[in-house]
Amino acid sequence: MDSLFLLQFACFIFMLVNAFFVALAHLHVRWENRRYERSRWMIVVAMIGLAIQYAVQMVFGFRAMHDDLGAVINILVYTPCFSLISMGIYNIETTRSNLRKMILMCSGISFYGSRFSLCRLPSFPPPYYI
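Residues numbered from 1 in each chain as written. Predicted model: local features only at pLDDT ≥ 70, side-chain atom pairs only at ≥ 80, totals over all residues. Heavy atoms only, no water.

Caption draft 1: Main features of the overall build of the protein. Helix and strand counts for the protein come out as five helices and zero strands. For the protein, the sequential pattern of α-helices and β-strands runs α-α-α-α-α. A buried classification covers 32% of the 130 residues belonging to the protein. Put simply, of all contacts in the protein between residues at least 6 apart along the chain, 67% involve residues at least 24 apart. If you sum the accessible surface of the protein, you get close to 9200 Å²; carbon and sulfur atoms cover 70% of it. (Helix = DSSP H or I, 4+ residues; strand = E, 2+ residues; numbered from the N terminus. Buried < 20%, exposed > 50% of the residue type's maximum accessible area, 1.4 Å probe, protein only. Contact = heavy atoms within 4.5 Å. Areas by Shrake-Rupley, 256 points an atom, 1.4 Å probe, with all protein chains shown as cover.)

Right, here's the structure in full:
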């Protein structure tokens, strides 16, 4: 096994354990607050998304095949997941009107990031003919 696979496996397990801890914290709440619960589940979904991304990279070997392809896959997955984590944290700290602005901003960043990364897909050199 190479070190890249072991690193991705460790990150996969780490994200699943973190998602499990955040989800399990729901059981220790005395009074449920809708805003906190929404934030909790947004963070859990983001962590599971990151874990799925690591599993996909381990199975299909995008990073091992080509660094550019691995970076594109990372951008496509990291941007929405980190936006969900940011919105989950911001949901706890802000008023409702500012939350709508944050959702619009994160959605725009996710759209722009995915559009930019799809435009920059790696181009492999054509085969050389003798």
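Caption draft 2: Layout of the environment of methionine 58. Among the secondary structure elements, methionine 58 is positioned in helix H2 (residues 34-60). As for methionine 58 and phenylalanine 9, which are separated by 49 residues in sequence, their C-alpha atoms are 7.3 Å apart. Residue contacts for methionine 58: discarding those within four places in its chain leaves Phe5, Gln8, Phe9 and Phe12.

Caption draft 3: Geometry of the environment of glycine 61. Along the chain, the position of glycine 61 falls in the loop between H2 and helix H3 (62-65). What makes glycine 61 buried here is its relative accessible area of 16%.

Caption draft 4: Just the nonpolar core, in detail. Judged by nonpolar contacts, Phe12, Met15, Ala19, Ile43, Ala46, Met47, Leu50, Ala51, Tyr54, Met58, Cys81 and Ile85 together constitute the single largest core of twelve residues. Elements supplying a minimum of two residues to this core: helix H1 (3-24), H2 and helix H4 (67-93). The element contributing the most residues to this core is H2, with seven residues. Discounting chain neighbours no more than four positions away, the residues touching isoleucine 43 are Val22, Ile85, Gly88 and Ile89. (Core = buried A, V, L, I, M, F, W, Y, C linked by side-chain atoms within 4.5 Å.)

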